[in-house]
Amino acid sequence: MTWSDLAAECPTCSERRAFSGEVRSSGAERYTVHRCDPCGAEFTTWRPRFDAFLARWEAAPPAEREAVLRALHALRTGDNVAIAATLAHPGALPFLRFEETKLPVDVAGAWGRLVLDHDGFVPEPGLAARVEEALAIAVQSGTAGPVAALVERLDTLPIDALTAALSAMPARLGAAGDGAVLRPLIAALRLRGGAWTELAARVDRRWVLPALRVALEP
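Given the structure is predicted, the values throughout are model-derived calculations rather than measurements.

**Quick look at the environment of threonine 45**
Structurally, threonine 45 is set in strand E5 (residues 41-45). Residues threonine 45 and glutamate 9 lie 36 residues apart in sequence; the distance between their C-alpha atoms is 8.9 Å. In this view, threonine 45 contacts Ala8, Arg30, Tyr31, Thr32 and His34; residues no more than four positions away in its chain are not counted.

**Here's the deal with the nonpolar core**
Residues Leu135, Leu162, Leu166, Leu182, Leu189 and Trp207 are the most contacted members of the largest nonpolar core, which totals 31 residues. Those elements that place two or more of their residues in this core are helix H5 (127-141), helix H6 (145-152), helix H7 (159-173), helix H8 (183-192) and helix H9 (194-206). Aside from chain neighbours lying at most four places away, what touches leucine 166 is Leu135, Leu185, Leu189, Leu199, Val203 and Trp207. In this structure, Leu6, Phe19, Trp57 and Phe95 belong to the second largest nonpolar core, which totals 30 residues.

**Some remarks on the packing of H5 against H6**
In a pair of packed helices, the angle between the axes and the distance between the axes together describe the arrangement. At a closest axis distance of 7 Å, the pairing of H5 and H6 adopts a crossing angle of 140°. By the criterion of interaxial angle, the relationship of H5 to H6 is oblique. The residues of H6 that touch H5, namely those facing Val131, Ala134, Leu135, Ile137 and Ala138, are Pro146, Val147 and Leu150. Its residues assigned to classes, the contact of H5 with H6 comprises 8 nonpolar, no polar and no charged.

**Side note on the pairing of E5**
Burial along E5 is one-sided: the face carrying Ala41, Phe43 and Thr45 is buried and the face carrying Glu42 and Thr44 is not. Sheet topology note: the strand E4 (residues 29-36)/E5 ladder contains 5 bridges and is antiparallel. Looking at E5, one finds that arginine 35 is bridged to glutamate 42.

**With respect to the packing of aromatic side chains**
For any pair of aromatic rings, the description rests on two quantities: the centre-to-centre distance and the angle between the ring planes. The tally for this structure, following the rule as stated, stands at 6 aromatic pairs. Pairing tryptophan 3 with phenylalanine 53 gives two aromatic rings, centres 6.3 Å apart and planes at 85°, and the pair type is edge-to-face. On the criterion of sequence distance, the pair formed by tryptophan 3 in the segment before strand E1 (8-9) and phenylalanine 53 in helix H1 (residues 51-59) is long-range, its members being 50 residues apart. Take tryptophan 3 and phenylalanine 53: they sit in the same class, and that class is buried. Every member of this aromatic cluster is reached through a ring pair, and the members are Trp3, Phe19, Phe53 and Trp57. Over the face of the ring belonging to tryptophan 196 we find arginine 192, whose NZ or CZ atom lies 4.8 Å from the ring centre.

**Some remarks on the side chain of histidine 118**
Along the chain, the position of histidine 118 falls in the loop between helix H4 (108-117) and strand E7 (121-122). Residues within four places of histidine 118 in sequence aside, it is in contact with Pro90, Gly91, Leu93, Arg113 and Arg130.

**Brief notes about the pairing of strand E3 (residues 19-26)**
Pairing analysis gives 5 bridges linking E3 to E4, with the strands arranged antiparallel. From the neighbouring strand, valine 23 faces E4, where its bridge partner is threonine 32. In sequence, E3 turns back onto E4 through a hairpin of 2 residues, with glycine 27 there showing a positive phi of about 65°.

**Focus: unusual backbone geometry**
Note that the residue after valine 122, namely proline 123, is joined by a cis bond; omega there is -10°. Mapping proline 123 onto the fold places it in the loop between E7 and H5.

**Some points on the pattern of salt bridges**
Tallying each qualifying case throughout the model produces 16 salt bridges. Put simply, glutamate 100 and arginine 76 hold a salt bridge, and the shortest N to O gap is 3.3 Å. Taken together, the residues glutamate 100 in the loop between strand E6 (93-94) and H4 and arginine 76 in helix H2 (residues 62-77) connect sequence positions 24 residues apart. A relative accessible area of 32% means that glutamate 100 is categorised as partly exposed. Connected through shared salt-bridge partners, Glu22, Arg24, Arg35 and Glu42 make up one network.

**Focus: the environment of proline 184**
Tracing the backbone shows proline 184 in helix H8. We classify proline 184 as partly exposed; its relative accessible area is 47%. With 40 residues separating them along the chain, proline 184 and alanine 144 place their C-alpha atoms 9.1 Å apart. Residue contacts for proline 184: discarding those within four places in its chain leaves Val147 and Val151.

Calculation notes
Residues numbered from 1 in each chain as written. Predicted model: local features only at pLDDT ≥ 70, side-chain atom pairs only at ≥ 80, totals over all residues. Heavy atoms only, no water. Helix = DSSP H or I, 4+ residues; strand = E, 2+ residues; numbered from the N terminus. Contact = heavy atoms within 4.5 Å. Core = buried A, V, L, I, M, F, W, Y, C linked by side-chain atoms within 4.5 Å. Buried < 20%, exposed > 50% of the residue type's maximum accessible area, 1.4 Å probe, protein only. Axes fitted to C-alpha atoms, helices over the stretch in contact; angles between N-to-C directions. Parallel < 35°, antiparallel > 145°, perpendicular 65-115°, else oblique. Nonpolar A, V, L, I, M, F, W, Y, C, P; charged D, E, K, R; others polar. Pairing = 2+ DSSP bridges. Phe/Tyr/Trp six-rings, centres within 6.5 Å; stacked < 30°, edge-to-face > 60°. Lys NZ or Arg CZ within 6 Å of the ring centre and 35° of its normal. Salt bridge = Lys/Arg side-chain N within 4 Å of Asp/Glu carboxyl O.

That's the geometry; what it means functionally is another story.
Here it is, written out as structure tokens:
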């Protein structure tokens, strides 16, 4: 999961609004708190599937929670000074979908490396989620770095994690971005043989969107 998954629909305007970081409890139930600035509304949402994360979030040291919320604000508002400081000294960070950030293109590669390797993300992402995010960053920003990093790691990267990430791309990206940046990864899969080549063929059958089809060109 990502921090983005914690967003919920505003009951007034029906737009999705981010999780504020505040949790309210009623008995054993934990509710995420959301604020919709255009409507002036504040609302809560109870979703049992997030309860384990919310319990960990509440139990985290205050300094960690404050660091995540500061970084969240910087990423969403495009505060370049704060973003530069975050990249220079990353600590506790929100695992936020790239399309919900205002990260400058020139730092997308650095953010992609953090997505793959940093151990301070909240929520803590699984490997498939990291790979998906790295691919999305590459396509949406036109940055080759995250793809090059994945190609370098194919000897140690579990194929199931890459399969899940590649399968998520059509729904994740839609018509956005330019999949040409993914060509080195597809080419590497085709050359490896066995299950890796079968994965490339499966992608070829399923990626019908023009933004992704270009990744399959020689």
